[in-house]
Amino acid sequence: MPVPGPGYSITVRLEAPPSASAAGDLTSAVGRAGGVITAFDVVESHNDRVVIDLTCNALSANHAKDITDTLGQLPGIVVRKVSDRTFLVHLGGKIEISSKVPLRNRDDLSRAYTPGVARVCQAIAENPDDARRLTIKRNTVAVVTDGSAVLGLGNLGPAAALPVMEGKAALFKKFAGVDAWPVCLDTQDTEEIIRAVELIAPVYGGINLEDIAAPRCFEIEARLREKLDIPVFHDDQHGTAIVVVGALRNALRVVGKKISDCKLVVCGVGAAGSAIIRLLLKQEPGDVVAVDVDGIVHRDRPGLDENLKSIAAVTNKGNVSGRLHDALVGADVFIGVSAPNLFGAEQVATMNQDAIVFALANPDPEIDPMEAQKHAAVVATGRSDFPNQINNVLAFPGVFRGLLDAHARTITDSMLLAAATAIADVVDGQKLNASFIVPSVFDTSVAPAVAEAVRKAAAAQS
Ligand SMILES: NC(=O)c1ccc[n+]([C@@H]2O[C@H](COP(=O)([O-])OP(=O)(O)OC[C@H]3O[C@@H](n4cnc5c(N)ncnc54)[C@H](O)[C@@H]3O)[C@@H](O)[C@H]2O)c1
């Protein structure tokens, strides 16, 4: 059952009579309308009236309007203005550039800019690798999108994708000190995207592809990895895979099973599901059965595209066919990155004892977590209002911190697995239980641990 949250938070500025009962009337009205008050500030006081900023959380934009209407109907109350606090946060964008060097006088200017800068340019022209030492390339990542798969909202285009990319850049800085910059491309043509990224690459130490729809994202990433001498990482694929593999490692510790003995069902074989399957296979599970909108993926299924063919070739040992419900029978683990409400508690009951269910479709999971809990031993979702939130922010800041520090030119599966293990190991044996298989997204020890693991894995390869 959803609860009012800060994603729909409004501040209502209203005038009220200066009576002793006004505050009580207002707070009860918000409660009756189902809102949750988070602040009550008197901003002006007069003999005949007070002006109040009443801040509350709602369930949706419509619910916020209902709350405001309820307040406006109270006797003596005049609603002056309603501010949506989420929009206020976005006014003018969420990130900015600031200078790291003083520019107070002519001396400063001569070193940071002309004429001094010319010698640095010449040094880099002679030895291009010096760009990693003497420019922002050392610490800067491009967050590249074509806006074709923005959150769960679909193809919104490059301008509408910008608030997400800005948010991503803010997270990079906050959690790992990485300077990331949004690059929203006004094209959805594979060749144009590849060429555009190739052309801007000199500035960056890494490329984070974001919210680019499958199957185009697979080719774009693969070709850029071939062409560029900096790591290219599609977060929707590998960020998700890292956190899922880390979380599964701990979930299996909770139930005392080995992955080599387990049958894993992965539902959704798009950007996230394909990468999850490929990383899981590195750990030699008993079997993986992939399921998409057309049912179980098997070698004889007609119409498989290149991605599904390659998945079919390495999964489903028994080459079984059927629907999701068939796949779940006798499975130890369900991982969903697909669509909402696909099954219920009765299907979880057909899984093996001590089943693990990761229902990660956002915002509504494949199964209501409360239903899943009836028969599963461990349940995780992508939601912040439920234990065990699988969130990419546990992975990407530390991954790029490690890659940049190592001056890495590529990213490999062993780095991804090292990152997954590092996330899992932040939850030590004292803390581990069915409701705590992944650390909190605010645990500041996660990004340094992931960065160190990636640095070590990079060093082992060089
Ligand atoms: N919590 C997280 O950390 C996290 C991370 C990544 C993705 N996700 C969620 O996973 C979902 C998929 O993301 P994506 O980027 O891989 O999308 P995608 O569009 O690339 O892939 C979607 C996949 O789901 C399958 N699918 C759709 N409807 C289905 C159905 N009824 N039954 C079975 N399979 C079905 C499709 O065939 C496809 O294989 C989204 O809801 C996304 O929000 C969550």
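Remember, it's a predicted structure, so these values are computed and weren't measured experimentally.

So, on to the UniProt feature "domain: Malic enzyme NAD-binding" (unreviewed entry) in the protein. In this numbering, the UniProt entry assigns the feature "domain: Malic enzyme NAD-binding" (unreviewed entry) to residues 237-459. With 40% helix and 13% strand, the stretch residues 237-459 has end C-alpha atoms that lie 24 Å from each other.

Turning our eyes to something else, we now look at the sheet that holds strand β12 (residues 333-336). Think of a sheet as strands paired side by side through backbone hydrogen bonds, with each pair either parallel or antiparallel. Taking strand neighbours across the sheet as the criterion, the six strands line up as β11-β10-β9-β12-β13-β14 in an open arrangement whose pairing is mixed. Either end of the sheet is taken by a strand with one partner, and the two such strands are β11 (295-296) and β14 (376-381). Sheet contacts for helix α10 (residues 235-255): β12, β13 (355-359) and β14; angle to β14, the most-contacted strand, approximately 160°.

Near the ligand, the surroundings consist of 26 residues, among which Gly270, Ala272, Asp292, Asn362 and Gly382 are the closest. Where the shell around the ligand is concerned, the elements lending two or more residues are α10, α11 (271-281) and β10 (287-292). The greatest single-element share of the shell around the ligand, amounting to three residues, is contributed by α11. Of the residues assigned to the shell around the ligand, the class counts are 14 nonpolar, 10 polar and two charged.

As a further point, take the UniProt feature "active site" (unreviewed entry) in the protein. Look at the UniProt record and you will see "active site" (unreviewed entry) annotated at Tyr113 and Lys168. Taking the farthest pair of C-alpha atoms as the criterion, the annotated set spanning 56 residues is dispersed, since that pair is 30.3 Å apart. Looking at the secondary structure, you find Tyr113 in the loop between α4 (106-112) and α5 (117-126). Looking at the secondary structure, you find Lys168 in helix α7 (residues 158-176). Judged by local crowding, Lys168 falls into the buried class, with 24 C-beta atoms found within 10 Å. Once residues lying within four places of it in the same chain are set aside, the contact partners of Lys168 are Val143, Ala180 and Glu210.

Considering soluble globular proteins, one finds that nonpolar side chains tend to be buried as a cluster. In terms of nonpolar packing, the biggest core is built from 116 residues, with Ala419 and Ile423 touching the most fellow members. If you count residues domain by domain, this core takes at least three from each of domain 3 (136-230) and domain 4 (237-462). Setting aside chain neighbours within four positions, we find Ala419 in contact with Ile242, Ala395, Gly398, Val399, Val450, Ala453 and Val454. Judged by nonpolar contacts, the second largest core, of 14 residues, contains Tyr8, Ile10, Ile52 and Cys56.

Below, the discussion takes up the pairing of strand β1 (residues 5-16). Relative to strand β3 (residues 50-58), β1 runs antiparallel, the two being bridged by nine bridges. Of the residues in β3, the one forming a bridge with Thr11 is Thr55.

Definitions and cut-offs
Residues numbered from 1 in each chain as written. Predicted model: local features only at pLDDT ≥ 70, side-chain atom pairs only at ≥ 80, totals over all residues. UniProt positions renumbered as here; feature names shortened; annotations may be inferred. Helix = DSSP H or I, 4+ residues; strand = E, 2+ residues; numbered from the N terminus. Pairing = 2+ DSSP bridges. Contact = placed C-beta atoms within 7 Å. Axes fitted to C-alpha atoms, helices over the stretch in contact; angles between N-to-C directions. Near = placed C-beta within 6 Å. Nonpolar A, V, L, I, M, F, W, Y, C, P; charged D, E, K, R; others polar. Buried ≥ 20, exposed ≤ 12 C-beta atoms within 10 Å, placed from the backbone. Core = buried A, V, L, I, M, F, W, Y, C linked by C-beta atoms within 7 Å. Domains from an automatic or database assignment.

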